[in-house]
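# Structural characterization, general
Each chain is listed here by its residues.
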Amino acid sequence: MLRPRRAPRTDAPQPDPFDPAAFPGLEERRRIGGAARARWEAVLAGGGPVLADGAMGTMLFAAGLQFGDPPEVWNLSHPEVVRRIHRGYLDAGSRIVMTNTFGGNRMRLGLHRLEGRVAEINRTAAVLLRGEVDAHGGGALVAGDIGPSGAIMAPTGTLDYAEAVDVFAEQAAALIGGGVDLVWIETMSDLTEIKAAIEGVRRVAAGIPLVATMTFDTRGHTMMGVSPEQAVTALTSWGADAVGGNCGNGPDELVGVVTRMRAADSGALLVAKSNAGMPELVDMRAVYRSDVAEMAAQAVAMRVAGATIIGGCCGTTPAHLSEMAARLVGDGPDSADAVG
Ligand SMILES: [Zn+2]
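In this report, the structure presented in the accompanying data block is examined. All values reported here derive from a predicted model rather than from experimental measurement. (Residues numbered from 1 in each chain as written. Predicted model: local features only at pLDDT ≥ 70, side-chain atom pairs only at ≥ 80, totals over all residues.)

## Here's the deal with the overall build of the chain
Convention followed: Every helix listed is a DSSP run of H or I at least four residues long, and every strand listed is a run of E at least two residues long, numbered separately from the N terminus. Between the two quantities, the radius of gyration covers C-alpha atoms and the globule rule is 2.2 Å times the number of residues to the power 0.38. With C-beta atoms placed from the backbone, the exposure class of a residue follows from how many other C-beta atoms lie within 10 Å of its own: 20 or more, buried; 12 or fewer, exposed; in between, partly exposed.
Along the backbone of the chain there are 13 helices and 10 strands. Radius of gyration (C-alpha) of the chain: 19 Å, near the 20 Å computed for a compact globule of 340 residues. Principal axes of the C-alpha set define a box for the chain whose edges measure 70 × 45 × 45 Å. In the chain, which comprises 340 residues, the share counted as buried stands at 51%.

## So, helix 7 (residues 118–135)
For clarity, the cut-off: Here, expected helix span is obtained from the residue count minus one, scaled by 1.5 Å. Two residues qualify as a contact pair if the distance between their C-beta atoms, derived from the backbone, is within 7 Å.
When the terminal C-alpha atoms of helix 7 are compared, their 26 Å separation across 18 residues agrees well with the 26 Å that a helix rising 1.5 Å per residue should span. Those residues of helix 7 that are buried are in contact with helix 4 (74–77), helix 5 (79–92), strand 2 (96–98), helix 6 (106–110), strand 3 (141–146) and helix 8 (161–177). A positive phi of about 110° marks Gly137, the residue just after helix 7.

## Side note on the sheet that holds strand 3
For the record, the criterion: When DSSP locates at least two bridges between a pair of strands, those strands are taken to pair. Axis angles are defined between N-to-C directions and span 0 to 180 degrees, where every axis is a line fitted to C-alpha atoms and, for a helix, only to the segment in contact.
Spatially, 1-10-7-6-5-4-3-2 is the arrangement adopted by the eight strands of the open sheet, whose pairing is parallel. At either end of the open sheet lies a strand with only one pairing partner, and these are strand 1 (50–51) and strand 2. Along the sheet, helix 2 (residues 34–44) makes contact with strand 1, strand 3 and strand 4 (182–188), crossing strand 3 at roughly 110°. Those strands touched by helix 12 (residues 292–305) are strand 7 (270–274) and strand 10 (307–312), and its axis lies near 160° from that of strand 10.

## Examining the packing of helix 7 against helix 8
In helix packing, the relevant descriptors are the interaxial angle and the interaxial distance, both defined with respect to the helix axes. Going by this rule: In what follows, roughly perpendicular refers to angles from 65 to 115 degrees, roughly parallel to angles under 35, roughly antiparallel to angles over 145, and oblique to any angle outside these ranges. In this scheme, a crossing is called left-handed if the near helix is turned counterclockwise away from the far one by less than a right angle; it is called right-handed if the turn is clockwise. Each residue is assigned to one of three groups, with Ala, Val, Leu, Ile, Met, Phe, Trp, Tyr, Cys and Pro labelled nonpolar, Asp, Glu, Lys and Arg labelled charged, and all others, Gly among them, labelled polar.
Following both chains from N to C, one finds helix 7 and helix 8 inclined at 40°, their axes separated by 7 Å at the closest point. The orientation of helix 7 with respect to helix 8, classified from their angle, is oblique. When the axes of helix 7 and helix 8 are compared, the crossing they make is right-handed. Where helix 7 approaches helix 8, its residues Val118, Ala119, Asn122, Arg123 and Ala126 are matched on the opposing element by Glu170, Gln171, Ala174, Leu175 and Gly177. Considering only residue class, the contact of helix 7 with helix 8 consists of five nonpolar, three polar and two charged.

## Structural notes on the nonpolar core
In globular proteins that are soluble, nonpolar side chains generally tend to be buried together. Heads up, the rule is: Each nonpolar core consists of buried Ala, Val, Leu, Ile, Met, Phe, Trp, Tyr and Cys residues. Their C-beta atoms, within 7 Å, join them into a set.
Residues Leu182 and Val183 are the most contacted members of the largest nonpolar core, which totals 97 residues. Of all the elements, helix 8 adds the most residues to this core, at eight residues. Every residue in contact with Val183, bar those within four places of it in the chain, is listed here: Gly144, Ile146, Ala172, Leu175, Val201, Ile208 and Leu210.

In short, geometric facts, not functional conclusions.
Structure below.
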């Protein structure tokens, strides 16, 4: 007996209606994207794999950042340390490197009474990274990093959508003013918040390349219950140029997320930036157990699962990224032989 056609997945609904003017389609983005889009398309032209970078926070803590202090302030107070970290990832082979601006929005900076310094901090971070990229030959892309607002969206929480768009637009404007090639929105759990972030970016730079990644750390879903299928469908429809997962419980879980995204969307450009395993608390410090060899093997598994842009998140260092680069080199589109 013939198997019945598979019913549509119930966990991959169509996204909410949205205003196309706020989320321009690919043709429109290409038309207005300018030099930044040309650089993005040049790096992606070979089809990947493209190595992203590894952790910033982990490296800053190792350099003396104290728990609870805002890492973004180090762009101003310790620029040589931030530049050295970027240089480590460029030396490892990273082609997409992220600014030290994860918490650089006015809500998170406001916890440290720094809400008035969003422009200065983000612009400086972009200039620091651009300086290192240029010193390294200029072939890598400068990605402006935008993390969550730190607040919970209404109606569950207090942050309403229009204000969230403003918060993210302010940060994006500073990053873009500092000269980033693309914006990378990461570690999001809530689809409404990441939609606001995308709209904020598009308000200030409608054509700039945009990567959007969420954190799938709760039984294959984000903390707010978003599945990989829902994420890839929604983020692609809102005009993200690449989508995927970052952070989370370790590379083996993220391989599963990439596999599910690829099954739900055969064409999306997929991204995997995993933590080096589950953090364990040792002497009040987070310690990540996945070693260099395991992360490199998992990078190949992510490539086989369908990821094009591959990097590391919390706990990864230039040593991890260097070994990932070595294992991914020579790995073609049908790369199953690279696993052995
Ligand atoms: Zn992380």
